[in-house]
Amino acid sequence: MTPKKLHEVDRLSRVVFTVAERSHVDTIIDIGAGHGYLTHLVATQNPSRRVVAIDCEDARTCGSKDRGSRILSSVHHQVPAAMLNFGGYHHRLKLDPTWTSKVEYATARLDPATLSETCGGGKGSRYALVGLHSCGDLSGVTMLTTFLECGDVKAVVVVACCYQRITTGSGPNDAAAGIPLSQTVKDLTSHRNPPFTLTHRVLSSAQLTFASFADSTTIISSFKGHYHRSLFELALRRWSTMHPASFDRLGLNEPASFSSGPSFRVGGLPKACTRNFRAYCLAAAGKMGLLVGEDVEQDLGLGRSLDGLILELQEEFPVERMLPRIALMCVLRSVLGPCVEALVLLDRVKYLEEGLGCGPNGEAKGKVWLRNIFENDLSPRNAAIVAEKTDGGQI
Ligand SMILES: C[S@@+](CC[C@H](N)C(=O)[O-])C[C@H]1O[C@@H](n2cnc3c(N)ncnc32)[C@H](O)[C@@H]1O
């Protein structure tokens, strides 16, 4: 576990404990538990409560289960806490040798309709949903709606990440969109024409922090990444006019699909593929299913035309001329990023407050908080949303 993760689980687990006590919760459900870093610490701190780790990826659930049993075996063999070494870092958990794990594991997608079936616990259970760096819609519409809709869920504690994975919509009233969720933000933006939407590109700027540019090596590699990514988008636009059938097959025939939308996601590439534009293009085109292999000669002429385009674009947009522009764009995005993040978080807080009936009139059925709980230098994605239903409160 890295020092960053250790700091995060240490702080967040304390918040989870306080909320679980206050809301008289008997089951803590770690949603998107990953390898269980938060789960296992929460389990050691809440020995009288069931802890359920849910992740939609089976490999993560298996890894988490394995980690849990290694911790348990170390505890039972009374290995001093300082000697525990999980993932390269000495673990600072204060483990009680009498601790027996109450952790249960499930590979599932969070769904309000099947939550009690997935988590068990029986009638009258009191759940808290918790999530550390729950990505995209998971920390938004999915977890928050589950909290509001399921009577058994009494509290939610969530730190978000990967805002660029939030489902974007055609306008403020698109029911499929993960933003805006609250009527307050919908009303603020509904008069705009064309309708206000947060695009994938805008949301990804919320992901940027000044820490993203902490040292010069990171800065240069980030600028080069943007340079490759933008040139590749241009290459795709030109390339698609040469081979429309191959692009139609992938649903990449609309110009808009190159700059946004789920079909255009290159995502992470192996480091070796990012050293120059040609390597990047071949790897990215391969990942998108446009090239079968690195052997461009064998790719029915498609690869050969890409090779020509690569040279053409590198001449037209040389790296020395483009990097200063990219630097300016990155600075602007990192300045605006916190505003976008604030809007996403405000929308979520308002959505919860509206669902709980918080406001000047009427009896609220719960409370909502937004707090920075991690040290910014260690973990800049640090805002936790906490909501608790008033005891016995039904929505
Ligand atoms: C960024 S990781 C965070 C993992 C862990 N909480 C941590 O901090 O180390 C997000 C995790 O959420 C899982 N996930 C994403 N959407 C999910 C969903 N709808 N239901 C359950 N798990 C989900 C992913 O498989 C992934 O393991």
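Since we're looking at a predicted model, the values are computed, not measured.

Trainee: Where do I start with the overall build of the protein chain in this structure?
Mentor: A tally of helices and strands in the protein chain yields twelve helices and nine strands. For the protein chain, buried positions account for 47% of its 395 residues. Residue pairs in contact within the protein chain that sit at least 24 positions apart in sequence constitute 70% of those at least 6 positions apart. In the structure as shown, the protein chain presents an accessible area of about 19,400 Å², 56% of it carried by carbon and sulfur atoms.

Trainee: Explanation requested: the packing of aromatic side chains in the structure shown.
Mentor: Each aromatic ring pair is summarised here by two numbers: the centre-to-centre distance and the angle between the ring planes. Tallied over the full model, the rule gives one aromatic pair. Both rings, one in Phe 232 and one in Tyr 280, keep their centres 6.0 Å apart while their planes meet at 80°; by these two values the pair is edge-to-face. Pair noted here: Phe 232 is in helix 8 (residues 216–242) and Tyr 280 is in helix 10 (residues 277–287), with a separation of 48 residues, a long-range link. A cation over a ring is seen here: Lys 389 above Phe 147, with NZ or CZ 4.8 Å from the ring centre.

Trainee: Any chance you could explain the nonpolar core here in plain terms?
Mentor: Core analysis: the biggest nonpolar cluster contains 37 residues, and Ile 29, Leu 115, Leu 129, Phe 147 and Leu 352 have the highest contact counts within it. Of all the secondary structure elements, the ones that give two or more residues to this core are strand 1 (27–31), strand 2 (50–55), helix 4 (115–119), strand 6 (127–135), helix 5 (141–149), strand 7 (153–161), helix 12 (319–356) and strand 9 (383–389). Ranked by residues supplied to this core, first place goes to helix 12 with seven residues. Discounting chain neighbours no more than four positions away, the residues touching Phe 147 are Leu 129, Val 153, Lys 154, Ala 155, Val 156, Leu 352, Leu 356, Ala 387, Glu 388 and Lys 389. Counting 29 residues, the second-largest nonpolar core is a separate cluster that includes Phe 232, Leu 236, Cys 273 and Leu 309.

Trainee: Looking at this structure, I do not really get the sheet that holds strand 2. What am I missing?
Mentor: Strands in a sheet are paired, the pairing made by backbone hydrogen bonds, and the direction either parallel or antiparallel. Taken in spatial order, the seven strands make up an open sheet running 5-2-1-6-7-9-8, and their pairing is mixed. The open sheet has two edge strands with one neighbour each: strand 5 (103–107) and strand 8 (366–372). Recorded for the sheet is a direction-independent mean angle of 15° between the axes of neighbouring strands.

Trainee: Help me out: how do you make sense of the packing of helix 8 against helix 10 in this one?
Mentor: Geometry of a packed helix pair, given as the angle between the helix axes and the separation of the axes. At their nearest, the axes of helix 8 and helix 10 sit 10 Å apart, and the two run at 60° to each other. On the basis of the axis angle, helix 8 is oblique to helix 10. Pair helix 8 / helix 10 crosses with right-handed handedness. Along the contact surface, helix 8 presents His 228, Arg 229, Leu 231, Phe 232 and Trp 239, while helix 10 presents Phe 277, Tyr 280, Cys 281, Ala 284 and Ala 285. In terms of residue class, the contact of helix 8 with helix 10 is made up of eight nonpolar, one polar and one charged.

Trainee: Just to check I follow, could you spell out the pattern of salt bridges for this structure?
Mentor: Side chains that carry opposite charge are capable of pairing whenever their charged atoms lie near each other. Under the defined criterion, the tally for this structure stands at 13 salt bridges. Residue Arg 11 pairs with Glu 375 through a salt bridge whose shortest N-O separation is 2.9 Å. One end of the pair, Arg 11, is in helix 1 (residues 3–22); the other, Glu 375, is in the loop between strand 8 and strand 9, and 364 residues separate them in sequence. Between Arg 50 and Glu 104 there is a salt bridge; the shortest N-O distance is 2.8 Å. Of the two residues, Arg 50 is situated in strand 2 and Glu 104 in strand 5; the sequence distance between them amounts to 54 residues. For Arg 50, a relative accessible area of 18% translates into the label buried. Connected through shared salt-bridge partners, Lys 4, Lys 5 and Glu 8 make up one network.

Conventions we followed
- Residues numbered from 1 in each chain as written.
- Predicted model: local features only at pLDDT ≥ 70, side-chain atom pairs only at ≥ 80, totals over all residues.
- Heavy atoms only, no water.
- Helix = DSSP H or I, 4+ residues; strand = E, 2+ residues; numbered from the N terminus.
- Buried < 20%, exposed > 50% of the residue type's maximum accessible area, 1.4 Å probe, protein only.
- Contact = heavy atoms within 4.5 Å.
- Areas by Shrake-Rupley, 256 points an atom, 1.4 Å probe, with all protein chains shown as cover.
- Phe/Tyr/Trp six-rings, centres within 6.5 Å; stacked < 30°, edge-to-face > 60°.
- Lys NZ or Arg CZ within 6 Å of the ring centre and 35° of its normal.
- Core = buried A, V, L, I, M, F, W, Y, C linked by side-chain atoms within 4.5 Å.
- Pairing = 2+ DSSP bridges.
- Axes fitted to C-alpha atoms, helices over the stretch in contact; angles between N-to-C directions.
- Parallel < 35°, antiparallel > 145°, perpendicular 65-115°, else oblique.
- Left-handed = near helix turned anticlockwise from the far one by under 90°.
- Nonpolar A, V, L, I, M, F, W, Y, C, P; charged D, E, K, R; others polar.
- Salt bridge = Lys/Arg side-chain N within 4 Å of Asp/Glu carboxyl O.

Spatial relationships are all this shows, so hold off on functional conclusions.
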